[in-house]
Amino acid sequence: MAGGSSSSSSSFSTAPAPSLVDSLFQRSLDDLIKALRSQPAGAEPSLLSRAVAEIRREIRSPDPDTKAVALQKLTYLSSLHGLDASWAAFHALELLPSPSPLHKRLAYVAASLSFHPSTTDVLPLSTHQLRKDLSPSSPPPFSSLALHLLSLSASPDLALHLAPDLLPLLSPRSSPSSPLRPKAAAAALRTLSVCPDVAPLLFKPLVDCLSSPDLRVVSAAVGAFAELASSGDPTPYLPLAPEFYRVLAESGSNWILIKLLKIFTRLAPLEPRLAARLVDPLCDLLRRSSAQSLVFECVRTVFSGLPDHDRAVRLAVDKVREFLASADDPNLRYLGLRALSMLGPRHSWAVEESREAVIRSLADPDPNIRREALHLIMVMVFDSNVVEISVLLVNYAMKSDPIFANELLDAVLTTCRRNVYELIVDFDWYVSLLGEMARNPHCTRGEEIERQIVDIGLRVRDARPELVRVARGLLIDPALLGNPFLCRILSAAAWVSGEYVEFSRNPLELVEALLQPRTSLLPPLVRAVYIQAVFKVLAFCFSTYIDQLEISQLSSSIVESNTAAAASCIADGIAGMESTDGIATGDKPASLFSSIENKDPFTCESLTKLLILIETAVGPLSENDEVEVHGRARNLLGLIHMLREILTWKTEEQGFIKDNRIGEIVNLLQSMFSEELGPVSVNAQNRVPVPEGLVLEENLADLAWTLTEDDTAPSMSISFSLRSHQHGKTKDAAASSVRSASLLAEHRKRHGLYYLPTEKDETESNDYPRANDPLLPASQGDVPEDLVKLTKQSLIPRKVKHTKPRPVVIKLDEGDGVSTFPSTTVKESKDDLLSGAIHDALLGEGKPSSSQKRYSDKSSRGRVKDIADTGESVSQSKENLESGNREHRSSGSKSKHRGHGKERHRSPQKNEEKEEKNHRNSARSSHHHERHKHRPRGEALLNVAPRAPVIQHFLL
Amino acid sequence: MAIRFILLVNKQGQTRLAQYYEYLTLEERRALEGEIVRKCLARTEQQCSFVEHRNYKIVYRRYASLFFLVGVDNDEVCPSVLLNELAILEFIHLVVETMDRHFRNVCELDIMFHLETAHFMLEEMVMNGCIVETSKTNILTPIQLMDKAS
């Protein structure tokens, strides 16, 4: 046997006495551990696979000892070395009924470490054994093992079947101070959460546990309620508040108090009277307790449960300041920051009081503390201090380590972008801040900065001149081109300079920047954007030049007094090229016109130079491998060729006007770029009406005939790029491109139906920024001193008078600016189901659950109404009982129930809810009916369990 | 808000005990352990004992060569339902003291060779992720009984 040969001399050290010959050579777990420890590096996988092979053989042995040791080894290996043990589930089950405590223990440990309803299909087989071990007649250690397994791997079915068996363990009568009772309470919690249907059965005993003299039982029950209240809707537990309050007053155990405070944190916002009653005990605990954990829990409860009670908040804030000041305990500093960020902007005075400590924390040695501090600061950003804080953080990012720097930039970027830049008043400032961020050597947030530059360009008209200025600064710097993180920003800068070239001081210089040799370092897509920008600039230069000529001609021919009028007339014409909407026509033409006047006017020579420059720089690119670059370079060169052909404008300026061709070309180009690009709504696609007769669901196979003939579209594109790569001869490439273009055109013509109408070719519009993401927490820092220089009161919102009015920011529909939190709908609906079930259990079965809304509006009026409603619904539910039985008998009651729960979740309307209630009642009654058939025992116990009449009267 | 897992890890990053209170596949466990351990082991004494990782908050403490890590849910939306971090630190200390009392100066090897006993201790203390027992005597009595019986 392989195992025998490799085992050491200590084979028998701890292994139980073997009864069969082959178990003589079995390795014990200790042997295995020793072998694993002494193995040479790298030998572990082979050793493990050998061990598993051994176990597989041994575990089938009829001898329980051999089997148990094999299972023990497998448990060890799966738990610590991550080996799969699911195949041995049945063997673990085999050992569960073993009379030997040792084997039983091993089997239970193996089962609780590896069983789970989703993977263990033999789990139902354990039901009987679990019931046996849970019964009061079995030894307590066995029951304890069974409870533990149940609490770890209960499936809904198992929970349903075993819930009645928990009752004797939960009841105080059978076991006055049994150690099992707290465990049973914890197991009952698990049972409740996987199977809300058992709520009527288990809820009452769980409530009874609260009044047990045994503190352990109280602790477990409070823990269970804390879990229930914090994982779902806490409303159903409101009637238990007096009970909790009594425990709060009587219990001296910090463990219990902490859990109780969790419950009150959830309940206090629902019931103002409860909150008022809590203030005194909480303040007392805050003052007296020496346990930091309890103090911290009190702080948390006050901050999130009683934010309206100033006395408590004041005291809690003082405690937090103590936390923040504790130099030797980073844990307290961290938790102090966390607690402050729970307070929110309403109590920003509290943050302001600890401002210095908070800002110092930005330089804490612990990155987690720095992150919390940054998070807290960002929560406190308002439009009055956004400039100050952002500048501070961006400057600080320059000096700090790369990770921290980027977290700082992230924080600033996300905060400023929130809700379509709602915090930003001075966009010129923000745009130049974006430029500064781009120049941070650690910056890796190019994508986000790119998105914002383009987005601001599209949305904020008044920011465009500054945007172009910042973009020029970025484009002109050859050093930035080598940084791979910045290319996205440069792409945005190039796009902005091309699109809003009319604001550029010196278009010729811009072209030089866009075509500088180091642009070869850029990725192809960015280069394509660069070339497109050159195209736009070129078009702009020519149209300006022509306008200049026209003006000069006019001014020479027309009478002096008319010049101004004519000029503005022409200026309007120029503006027309830029924007078609009416907003800008008021002031823009004038400024544009004057800017043209002030600039170095384009001359014939400068334009010729420009053409030569572009031709030399872009020429080589027409043989580029990348289609995007290739295509755009060709466009540009084509335009230049065309302009070159018209020689007249070069030589005789006077005769130029007569040659209308150049005017036509320029007009054509103008109209190409005339339409202003705007932001696109996220929902834009949805608004496109589906044309009549278009069946979107239609099977695409029906279109196969379109491919059968001579459709070779895919290969065409490949050959196209290959050819241009191999030959590189301009003519050849041109010819092939012409050919493919004509093929494509033909194809489109034939199957035009399946193409979207051709749109303006702008890759940038694809890069349109997404709607706001939820705020990310970001982090840390190093040089504290200059950080504290924030001016006084900087974290408090205050009224500031802005010297400039905030420019118009184009916002689109609801889909544009709303930040969404990750929804937990699925979980909620299940929790809802549970709390609904518990609610029913609390109020007794005959009565339907009162709606959550009514509970949370918590006025006594609401309560009276509640009673009226209840009476009404009782009769309704009686009516529905029979029909419900008929309806639901055949269908699985559980799935029915769940479905209703979900529906209820979705429809908060009162009327519907009432209907739902009846449905739920009927589902419930049919459910009872079923249970009556299958499980008479459960039904009997159900009747034994008394209603809970006390807890309905809730008057604190 | 309950405890999601308890891990014992040595200085080399090897897991010495792993108890999960929610279901994760073996691959998920391995990945999680690897990432968390790397994060926690890299931290210094001057840094706080709380680490956020994915949807967990890990509270950890180092005792000699062993790291004790406890994972709880990290709820960003409603931080008040988080398990009390300081209470978890106290719980970790309780675990260590209990083990120390049982094994007399507990060390890594004790836990390796008595993994089940260590699991039983945790079982006595934690049920379904809730702390149910905090008295060392109460925790150890059934274990000593079991040891005697077998």
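Residues numbered from 1 in each chain as written. Chains lettered and ligands numbered in written order. Predicted model: local features only at pLDDT ≥ 70, side-chain atom pairs only at ≥ 80, totals over all residues. Heavy atoms only, no water.

- In the nomenclature of an unreviewed UniProt entry, chain B corresponds to AP complex subunit sigma from the organism Phoenix dactylifera.
- Quoted verbatim from the Subcellular location (unreviewed entry) heading of the UniProt record, the comment on chain B is "Endomembrane system".
- The UniProt entry for chain B carries the following comment under Sequence similarities (unreviewed entry): "Belongs to the adaptor complexes small subunit family." (UniProt positions renumbered as here; feature names shortened; annotations may be inferred.)

- Chain A has the name AP-3 complex subunit delta in an unreviewed UniProt entry, where Phoenix dactylifera is given as its organism.
- The heading Subunit (unreviewed entry) in the UniProt record of chain A holds the text "Adaptor protein complex 3 (AP-3) is a heterotetramer."
- Recorded in UniProt for chain A, the comment headed Sequence similarities (unreviewed entry) runs: "Belongs to the adaptor complexes large subunit family."

## Points about the overall build of chain B
- Helices and strands together make up the secondary structure of chain B, namely 5 helices and 7 strands.
- Going residue by residue from the N terminus, the α and β elements of chain B occur as β-β-α-β-β-β-α-α-α-β-β-α.
- The 150 residues of chain B split such that 61% are buried.
- For chain B, the proportion of contacts with a sequence separation of at least 24, taken over those separated by at least 6, is 53%.
- Total accessible area on chain B is roughly 5800 Å²; 49% of this is exposed by carbon and sulfur atoms. (Helix = DSSP H or I, 4+ residues; strand = E, 2+ residues; numbered from the N terminus. Buried < 20%, exposed > 50% of the residue type's maximum accessible area, 1.4 Å probe, protein only. Contact = heavy atoms within 4.5 Å. Areas by Shrake-Rupley, 256 points an atom, 1.4 Å probe, with all protein chains shown as cover.)

## Structural notes on the pairing of strand E1 (residues 3-10) of chain B
Residue and element names in this part refer to chain B.
- Within E1, 8 of the 8 residues are buried, leaving the element largely enclosed by the surrounding structure.
- Pairing of E1 with strand E5 (residues 66-73) involves 7 bridges; the strand directions are antiparallel. In the strand pairing of E5, Ile3 is matched with Val72.
- Between E1 and strand E2 (residues 15-20), which pair antiparallel one after the other, the connecting turn spans 4 residues, and Gly13 there sits at a positive phi close to 90°. (Pairing = 2+ DSSP bridges.)

## Considerations on unusual backbone geometry
All names here are of chain B.
- One non-glycine residue with positive phi stands out, namely Ala64, at about 50°.
- With relative accessibility at 67%, the residue Ala64 sits in the exposed group.
- Positive phi values are uncommon outside glycine, yet Asn128 reaches one of about 55°.
- In this fold, Asn128 is placed in the loop between strand E6 (126-127) and strand E7 (130-131).

## Overview of the packing of aromatic side chains
- Per the counting criterion, the structure on display carries 16 aromatic pairs over all chains.
- Pairing Tyr421(A) with Tyr430(A) gives two aromatic rings, centres 6.3 Å apart and planes at 55°, and the pair type is tilted. Comparing Tyr421(A) with Tyr430(A) shows no difference in burial state: the two are buried.
- With 5.6 Å between their ring centres and 85° between their planes, Tyr63(B) and Phe68(B) make a pair best called edge-to-face.
- An aromatic cluster is present here, built from Phe203(A), Phe225(A), Tyr237(A), Phe244(A) and Phe264(A) joined pairwise through their rings. (Phe/Tyr/Trp six-rings, centres within 6.5 Å; stacked < 30°, edge-to-face > 60°.)

## Overview of the pairing of strand E4 (residues 56-63) of chain B
Residue and element names in this part refer to chain B.
- Here strand E3 (residues 50-53) runs beside E4; their pairing, made up of 4 bridges, is antiparallel. Bridged to Val51 within E4 is Ile58.
- Where E4 lies against E5, 8 bridges are found, and the strand directions are antiparallel. Looking at the pairing, Ile58 lines up with Gly71 of E5.
- The hairpin formed by E4 and E5 contains 2 residues between the paired strands, and Ala64 there has a positive phi angle of roughly 50°.

## Side note on the environment of Ser171(A)
Residue and element names in this part refer to chain A.
- The residue Ser171 is located in the loop between helix H9 (156-170) and helix H10 (180-194) in this model.
- Judged by relative accessible area, which is 15%, Ser171 ranks as buried.
- Polar contacts involving the side chain of Ser171 include one to the main-chain carbonyl oxygen of Pro168, which spans 3.3 Å. (Polar contact = N/O pair within 3.5 Å; in protein donor to acceptor, adjacent residues only side chain to side chain.)

## Considering the state of the cysteines
Residues and elements named next belong to chain A.
- Tallied over the entire structure, the rule returns 0 disulfides over all chains.
- Between Cys298, a free cysteine, and Cys283, which holds the nearest cysteine sulfur, the sulfur-to-sulfur gap is 9.1 Å.
- Owing to a relative accessible area of 0%, Cys298 belongs among the buried residues under this scheme. (Disulfide = S-S within 2.5 Å.)

## A look at the sheet that holds E2(B)
- Across the sheet, which stays open at both edges, the 5 strands sit in the order E2-E1-E5-E4-E3 (chain B) with antiparallel pairing between neighbours. With one partner strand each, in any of the chains shown, E2 and E3 of chain B form the two edges of the open sheet. Averaged over all pairs of adjacent strands, the angle between strand axes in this sheet comes to 20°, irrespective of strand direction.
- Here 5 bridges tie E1(B) to E2(B), and the two strands are oriented antiparallel to one another. Paired with Val9(B) across the strands is Thr15(B), a residue of E2(B).
- Along the sheet, helix H18 (residues 330-343) of chain A contacts E3 and E4 of chain B; its crossing angle with E3(B), the most-contacted strand, is approximately 50°. (Axes fitted to C-alpha atoms, helices over the stretch in contact; angles between N-to-C directions.)

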